[in-house]
Amino acid sequence: MADTIADTRRLFTKPQNLNDAYGPPSNFLEIDVSNPETVGVGRGRYTTYEVRLKTNLPIFKLKESCVRRRYSDFEWLRGELERESKVVVPPLPGKALFRQLPFRGDDGIFDDSFIEERRQGLEQFLNKTRTAKEDSSAHTHNIIFPTFVLLLMCNL
């Protein structure tokens, strides 16, 4: 058998200056879901989540935006994306029907641990949707991505 010699030469890279190392990333879009708030009383009680978007992408006039959304708004968004595109839309965190039953002995869907779990799931949904791959064409993603962000950030 012939002996194989490994190639240990370094790859040539572009010299990095301080601005490259510590400056802002070239293109970014960050979506965070945070600060859940439960409002209302009785059957009119619901939880909203703060959705914050930060970007330096040139297609957006606003570089930062923040809105509050309910779970039902995320359901609407998912339905619109499924209806209007060929993108494989990731699932939302579950509805938690069992937690809505009376006489459970806890706060059900208003329990702090459930709200945090749902918040994480909603953030994951948005970030997976942001990078969703299309079923058939790259053209679809170029249309859906800006539409997704506009639907997310507009006043409903």
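All figures in this text were calculated on a predicted structure; none of them were measured in a lab. (Residues numbered from 1 in each chain as written. Predicted model: local features only at pLDDT ≥ 70, side-chain atom pairs only at ≥ 80, totals over all residues. Heavy atoms only, no water.)

> Please clarify how the sheet that holds strand β2 (residues 46-55) should be interpreted in this entry.
For sheets, the rule is that strands pair by backbone hydrogen bonds, running either parallel or antiparallel. Taking strand neighbours across the sheet as the criterion, the 3 strands line up as β1-β2-β3 in an open arrangement whose pairing is antiparallel. Each end of this open sheet is capped by a strand with a single partner; those strands are β1 (29-39) and β3 (64-70). Taken over all neighbouring pairs, the strand axes of this sheet differ in orientation by 20 degrees on average, direction set aside. Across 9 bridges, β1 lies against β2 in antiparallel orientation. From the neighbouring strand, Glu30 faces β2, where its bridge partner is Lys54. Contacts from helix α3 (residues 112-130) reach β1 and β2 within the one sheet, and its direction differs from that of β1 by about 150 degrees. (Pairing = 2+ DSSP bridges. Helix = DSSP H or I, 4+ residues; strand = E, 2+ residues; numbered from the N terminus. Axes fitted to C-alpha atoms, helices over the stretch in contact; angles between N-to-C directions. Contact = heavy atoms within 4.5 Å.)

> Please explain the side chain of Thr48 as it appears in this structure.
Considering the arrangement of structural elements, one finds Thr48 in strand β2. Looking at Thr48, the relative accessible area reads 10%, which means it is buried. There is a polar contact of 2.9 Å between the side chain of Thr48 and the side chain of Arg68. In this structure Thr48 touches Asn35, Pro36, Glu37, Arg68, Arg69 and Arg70, once residues within four positions along its chain are discounted. (Buried < 20%, exposed > 50% of the residue type's maximum accessible area, 1.4 Å probe, protein only. Polar contact = N/O pair within 3.5 Å; in protein donor to acceptor, adjacent residues only side chain to side chain.)

> Looking at this model, I keep getting lost on the packing of aromatic side chains. Mind explaining?
What characterises a pair of aromatic rings is the spacing of the ring centres plus the angle enclosed by the ring planes. Under the counting rule described, the total for this entry stands at 0 aromatic pairs. The ring of Phe110 is capped by Arg45, whose NZ or CZ atom sits 4.2 Å from the centre of that ring. Lying across the ring of Tyr71, Arg118 places its NZ or CZ 3.8 Å from the centre. (Phe/Tyr/Trp six-rings, centres within 6.5 Å; stacked < 30°, edge-to-face > 60°. Lys NZ or Arg CZ within 6 Å of the ring centre and 35° of its normal.)

> How should the confidence of the model for the protein chain be read in this particular structure?
For residues with low pLDDT, the predicted coordinates do not support detailed interpretation. Residues at a pLDDT of 70 or more form 65% of the protein chain, whose mean pLDDT is 75. Taken element by element, the predicted model of the protein chain shows its lowest mean pLDDT in helix α4 (residues 138-153) (54) and its highest in β1 (91). Across residues 134-143, confidence stays below pLDDT 50; counting only partners more than four residues off in sequence or on other chains, it has 14 contacts. (pLDDT = per-residue confidence, 0-100.)

> Sorry, what's going on with the pattern of salt bridges here?
When their charged atoms lie close together, side chains carrying opposite charge are able to pair. Scanning the entire structure with this criterion turns up 6 salt bridges. Taking the shortest distance from any N to any O, the salt bridge between Arg68 and Glu50 comes out at 4.0 Å. Residue Arg68 is found in strand β3, and its partner Glu50 is found in strand β2; the two are separated by 18 residues along the sequence. According to the relative accessible area criterion, Arg68 is partly exposed, its value standing at 29%. Linked through salt bridges whose partners overlap, the residues forming this network are Glu50, Arg52 and Arg68. (Salt bridge = Lys/Arg side-chain N within 4 Å of Asp/Glu carboxyl O.)

> Please explain the packing of helix α2 (residues 71-84) against α3 as it appears in this structure.
The relative placement of two packed helices is expressed as an angle between their axes plus a distance between the axes. Relative orientation of the contacting elements α2 and α3 amounts to 25 degrees, with a least axis distance of 12 Å. Taken together, the axes of α2 and α3 are roughly parallel relative to one another. Every pair of crossing elements has a handedness; the one defined by α2 and α3 is left-handed. On the side of α2, the interface is formed by Tyr71, Phe74, Leu77, Arg78 and Leu81, while α3 contributes Arg118, Leu122, Phe125, Leu126 and Thr129. Of the residues belonging to the contact of α2 with α3, the class tally is 7 nonpolar, 1 polar and 2 charged. (Parallel < 35°, antiparallel > 145°, perpendicular 65-115°, else oblique. Left-handed = near helix turned anticlockwise from the far one by under 90°. Nonpolar A, V, L, I, M, F, W, Y, C, P; charged D, E, K, R; others polar.)

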